[in-house]
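Summary of structural features
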Amino acid sequence: MCCMLLIDFVTVGYLDGVTVLIGIAVGSQPIAGVVYQPFYRKPSGALGRTVWGMVGLGIHGEFYPTTPLKKKIIASTRSHRTGLVTAAVEALQPDEILAVGGSGYKCLLVLEGQATAYVFAHPGTKKWDTCATNALFRAVGGHMCDVKGNLFEYHQGIAHVNHMGVIATMADVNWYVSRMPADVKENLSKA
């Protein structure tokens with residue numbers, strides 16, 4: 001069993017993206033995750049919320065899913081935009097791009113239906129960035145993989161860096177993977 005904890009701090013002034021992520025994996029698979037968003041402003045004005053989930057139990061806590069989007073909205077990085085990231089996102093021909101910080105926050109946007117996918121074609125995330133939210137996606141039938149469609153593994157013998165980037169979505173993961181340009185995949189393979 002593996003447990004990962006990350007406090008995902010982002011640039012001052014962008015506090016929505018700050019999350020505390022706790023992921024639990026058994027064998028090589030993420031099975032449970034907790035996301036605490038300390039600066040989330042509730043309708044009452046109070047700060048903070050916790051979203052948690054487990055494979056077989058779904059997602060619980062202060063989780064607010066919306067109706068499915070009719071537009072293709074991609075959540076991606078605000079601060080680590082490279083040529084590869086731009087090429088990957090543009091290949092999807094999005095109607096809108098949400099450039100925000102924090103891997104946990106971007107995943108919550110997808111899980112709650114405010115974005116259709118999180119795409120980050122860069123070796124910038126680590127296993128502790130993805131374990132908790134990967135478990136949440138699995139708990140509700142969503143998908144998280146790298147840009148080649150490979151599932152992430154979480155165990156002691158695996159590299160900590162997600163070298164081939166991240167794609168997370170609630171549906172049509174194969175479509176997103178198929179749209180990744182060959183040069184993006186090739187360049188990430190070399191990184």
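Below or above, wherever it landed, is the structure these notes cover. The structure displayed is predicted, hence computed values, not measured ones.

A word on the packing of helix H2 (residues 103-111) against helix H3 (residues 127-139)
Contact geometry for H2 and H3: axes closest at 9 Å, N-to-C directions at 10°. Classified by the angle between their axes, H2 and H3 sit roughly parallel to one another. Here Ser103, Gly104, Cys107, Val110 and Leu111 of H2 come into contact with H3, specifically with Asp129, Thr133, Leu136 and Phe137. For the contact of H2 with H3, a count of residues per class yields 5 nonpolar, 3 polar and 1 charged.

Examining unusual backbone geometry
A positive phi is found at Gln93, a non-glycine position, where the angle reads about 50°. Along the chain, the position of Gln93 falls in the loop between helix H1 (83-91) and strand E7 (96-100). Although it is not a glycine, Asp172 adopts a positive phi angle of roughly 55°. Position of Asp172 relative to the elements: it lies in the loop between strand E10 (166-169) and helix H4 (173-178).

Focus on the packing of H1 against helix H5 (residues 182-190)
Packing of H1 against H5 leaves a shortest axis separation of 9 Å and a crossing angle of 145°. Taken as a pair, H1 and H5 cross one another with a handedness that is left-handed. Taking contact as the criterion, the partners of Leu84, Ala87 and Ala88 in H1 are, on H5, Asp183, Val184, Asn187 and Leu188. Here the residues of the contact of H1 with H5 sort into 5 nonpolar, 1 polar and 1 charged.

A few points about the pairing of strand E6 (residues 73-77)
Most of E6 sits inside the fold, with 5 of its 5 residues counted as buried. Inspection of the sheet shows E6 paired to strand E8 (residues 117-120) by 2 bridges, in the parallel sense. The partner of Ala75 across the bridge, within E8, is Tyr118.

Describing the packing of aromatic side chains
Counted by the stated rule, this structure contains 2 aromatic pairs. Both rings, one in Tyr40 and one in Tyr64, keep their centres 6.3 Å apart while their planes meet at 15°; by these two values the pair is stacked. You can see Tyr40 sitting in strand E3 (residues 29-41) and its partner Tyr64 sitting in the loop between strand E5 (58-61) and E6, a full 24 residues away along the chain. Measuring from centroid to centroid gives 5.0 Å for Trp175 and Tyr176, while their planes differ by 90°, and the two rings are edge-to-face. On the basis of relative accessible area, Tyr176 is assigned to the buried category, the value being 6%. Here Arg49 stacks its cationic end above the ring of Tyr40, 4.2 Å away from the centre of that ring.

Let's talk about H3
In this model H3 runs 18 Å from its N-terminal to its C-terminal C-alpha over 13 residues, within 8% of the 18 Å that 1.5 Å per residue would give. In H3, a bend of some 25° at Thr133 exceeds every other bend along the element. Among the 13 residues of H3, 11 are classified as buried, and the element is accordingly described as predominantly covered. Within the span of H3, buried status applies to Lys127, Asp129, Thr130, Cys131, Ala132, Thr133, Asn134, Ala135, Leu136, Phe137 and Ala139. Gly141 sits one or two residues past H3 and shows a positive phi near 85°.

Side note on the nonpolar core
Across soluble globular proteins, you tend to see nonpolar side chains buried next to one another. The biggest cluster of nonpolar side chains holds 47 residues, and the ones touching the most others in it are Val119 and Ile167. If you tally residues by element for this core, the top one is H2, at 6 residues. With sequence-adjacent residues up to four places away left out, Val119 is seen in contact with Ile74, Ala75, Ser76, Ala88, Val89, Leu92, Val166 and Met180.

Reading guide: rules and limits
Residues numbered from 1 in each chain as written. Predicted model: local features only at pLDDT ≥ 70, side-chain atom pairs only at ≥ 80, totals over all residues. Heavy atoms only, no water. Axes fitted to C-alpha atoms, helices over the stretch in contact; angles between N-to-C directions. Helix = DSSP H or I, 4+ residues; strand = E, 2+ residues; numbered from the N terminus. Parallel < 35°, antiparallel > 145°, perpendicular 65-115°, else oblique. Contact = heavy atoms within 4.5 Å. Nonpolar A, V, L, I, M, F, W, Y, C, P; charged D, E, K, R; others polar. Left-handed = near helix turned anticlockwise from the far one by under 90°. Buried < 20%, exposed > 50% of the residue type's maximum accessible area, 1.4 Å probe, protein only. Pairing = 2+ DSSP bridges. Phe/Tyr/Trp six-rings, centres within 6.5 Å; stacked < 30°, edge-to-face > 60°. Lys NZ or Arg CZ within 6 Å of the ring centre and 35° of its normal. Expected span 1.5 Å × (residues − 1). Bend = angle between axes of the 7 residues up to and from the residue. Core = buried A, V, L, I, M, F, W, Y, C linked by side-chain atoms within 4.5 Å.

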